[in-house]
Amino acid sequence: MGRNQIVSTALVALVALAVGFLLAGQVKAQLQGSPSNQVERNQALIRSVQDLERDNGADRAKIAALRADIDALEAQAASQSQSTKALQNQVADLRAHAGLTAMHGPGVEVDLTSGPPGTDAGGQDRNLVTFEDVQDIVNLLFAMGAEGVAVSGRRITPLSAYSGSEGEVIIDQGPPLFSPIRIVAVGDRNLMEAALNDPTSLPSLRVRQVQFELTLVVTGAPNESLPAYDAGLEAPHVSSVQ
Amino acid sequence: MAVWLIALLVALVATVQLRSQAEVERTLATADPATLAFSIDQLHRANDALEAQIGVLTQRKAALQSGGGPAADQALQDEAEQLRIIEGLVAVHGPGVVVVIDATGLSALDLEDALNNLAAGGGEALAVNDQRYVVSVPVTQTAGGVTVGGTLVPAPWTIVAIGDTTRLGETADLMTQQLRGDRRVRQASYRVEADIVIRSVVSEKPFVYAEP
């Protein structure tokens, strides 16, 4: 290969690289929408949400790390004392029931997806998955004996609460979740599957499945895994009655 | 040949980059300003709570590091007590609100919504007609009416929630206003109390299917 050929090949490669990046930048700018004030305001709000979500993720990672450190220190103390060991076992059981430790076992997965945009001609967004839908499914699973539940990777605790607006699901101190939502439960697989497939359960969802094409897919599995809860779990205003 | 390979690589990198970017922004980009503002408010509150939890855990870790065995016993006892409260295993007391709802035809779903509203509004311990409630306690519709943990809770419902009275008061106010607009509801009121006692507890259930 001559020197000229090498130079021209390198030149063409450089041009291709530049064109690729230009193209990427252009399409990205298109994705971000037209430069109207409203769009810019929305973009600013989106950036704020993304910044807060990053902080949220970092804080939750820090909490998980601190809990692991505390576990290790307690285990070290427990190895030197029988009474500490007994206490540690009690706390381990309580933590497991509170959702503070990961667990696995037979169970079900529920995949919940919003209907296509525009399917609610009334403009009330009834095609969207809501926090009430998630709440209803989780409550049904617990009523059917679920021993642990997680929603899109967020573990449910005895104090969990749901909120949100228009297709947004917020659980406890986690970031907003959007469709598709995956709910995973460990427990009596047959009982949970039967309840979820019962056409008389989850009435609001069943109607919107037909009218607005929301989808609810239930799958049983022999071994589901649930992560540990990774946010704050305190009851500072409550004391036990002595 | 090399040029085509590079061009292909560039196109691939650009596509992957664009797809991942679009994926991240897909859900937020379709959200309206009200939803985004709600998310910002929720995330601020959530992040404050997470910071507070980090403070508590950092102190606990420092105490364990400096105190050895006795500090571990104390930390474990404190955590056990806190978790028994959270799981509804012991009788509790504290400041909170008492919400009374008298209605005909309200269902288990209505009660679950009310309990969730109070939990989201800062409720740390809840009970309905003296039946303790935590998330794993089933609220069920039966032929005889609504049950909480298997016990019938006929109207009127007296829901107590212990927690931050400022937040709970705001939540209860909003909730009762909305309920009064419901034709099925005869009466919906609330009061803030300095010390509420919940004596009922949840039965501890050992795991049958789950393993750590």
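What this report covers is the structure whose coordinates are included nearby. (Residues numbered from 1 in each chain as written. Chains lettered and ligands numbered in written order. Predicted model: local features only at pLDDT ≥ 70, side-chain atom pairs only at ≥ 80, totals over all residues.)

### Description of the overall build of chain B
Then, number 1: Along chain B, the regular secondary structure elements total four helices and eight strands.
Then, number 2: From first element to last, N terminus to C terminus, chain B shows the α and β order α-α-β-α-β-β-β-β-β-β-α-β.
Then, number 3: Buried residues in chain B amount to 36% of all 212 residues.
Then, number 4: For chain B, restricting intrachain contacts to residue pairs at least 6 apart in sequence, the fraction spanning at least 24 positions comes to 76%. (Helix = DSSP H or I, 4+ residues; strand = E, 2+ residues; numbered from the N terminus. Buried ≥ 20, exposed ≤ 12 C-beta atoms within 10 Å, placed from the backbone. Contact = placed C-beta atoms within 7 Å.)

### Remarks on the interface of chain A and chain B
Then, number 1: Counting from both sides, the interface comprises 86 residues of chain A and, opposite them, 88 residues of chain B.
Then, number 2: For the side of chain A that touches chain B, the elements supplying multiple residues, two or more each, are helix H1 (3-31), helix H2 (37-78), helix H3 (82-98), strand S1 (103-113), helix H4 (131-143), strand S4 (162-163) and strand S8 (239-240) of chain A.
Then, number 3: Among the elements that line the side of chain A that touches chain B, the one with the most residues is H2(A), at 21 residues.
Then, number 4: Tallied by class, residues from the side of chain A that touches chain B come to 41 nonpolar, 28 polar and 17 charged.
Then, number 5: In the sheet, S8(A) pairs with strand S1 (residues 92-103) of chain B via two bridges, with the strands oriented antiparallel. Across the sheet, the residue bridging to Ser240(A) is Val92(B), located in S1(B). (Nonpolar A, V, L, I, M, F, W, Y, C, P; charged D, E, K, R; others polar. Pairing = 2+ DSSP bridges.)

### Description of unusual backbone geometry
Then, number 1: The omega torsion across Ser179(A) and Pro180(A) is 0°, close enough to zero to call that bond cis.
Then, number 2: When you line up the elements, Pro180(A) lands in the loop between strand S5 (170-171) and strand S6 (181-186).
Then, number 3: Residue Pro156(B) is reached from Ala155(B) by a cis peptide bond, and omega for that bond is 0°.
Then, number 4: Position of Pro156(B) relative to the elements: it lies in the loop between strand S6 (151-152) and strand S7 (157-163).
Then, number 5: Positive phi, close to 65°, is recorded for Asp130(B), a residue that is not glycine.
Then, number 6: Topologically, Asp130(B) is positioned in the loop between strand S2 (123-128) and strand S3 (131-133).

### What to know about the sheet that holds strand S2 (residues 148-151) of chain A
All names here are of chain A.
Then, number 1: Spatial strand order, S3-S2-S6-S1-S7: five strands in an open sheet with antiparallel pairing. Taken across any chain shown, the strands that pair with only one partner, and hence form the sheet edges, are strand S3 (154-155) and strand S7 (215-226).
Then, number 2: Of the pairings in the sheet, the one linking S2 to S3 comprises two bridges and is antiparallel in character. Residue Val151 lies in a different strand from S3, and its bridge partner there is Arg154.

### Topic: the pairing of S1(A)
All names here are of chain A.
Then, number 1: Note that S1 and S7 share 10 bridges and pair antiparallel. Residue pairing for S7: Gly105 is matched across the bridge by Glu224.
Then, number 2: Direction of pairing for S1 relative to S6: antiparallel, over a ladder of six bridges. Bridge pairing in S6 places Gly107 opposite Val186.

These values are about where atoms sit, not about what they do.
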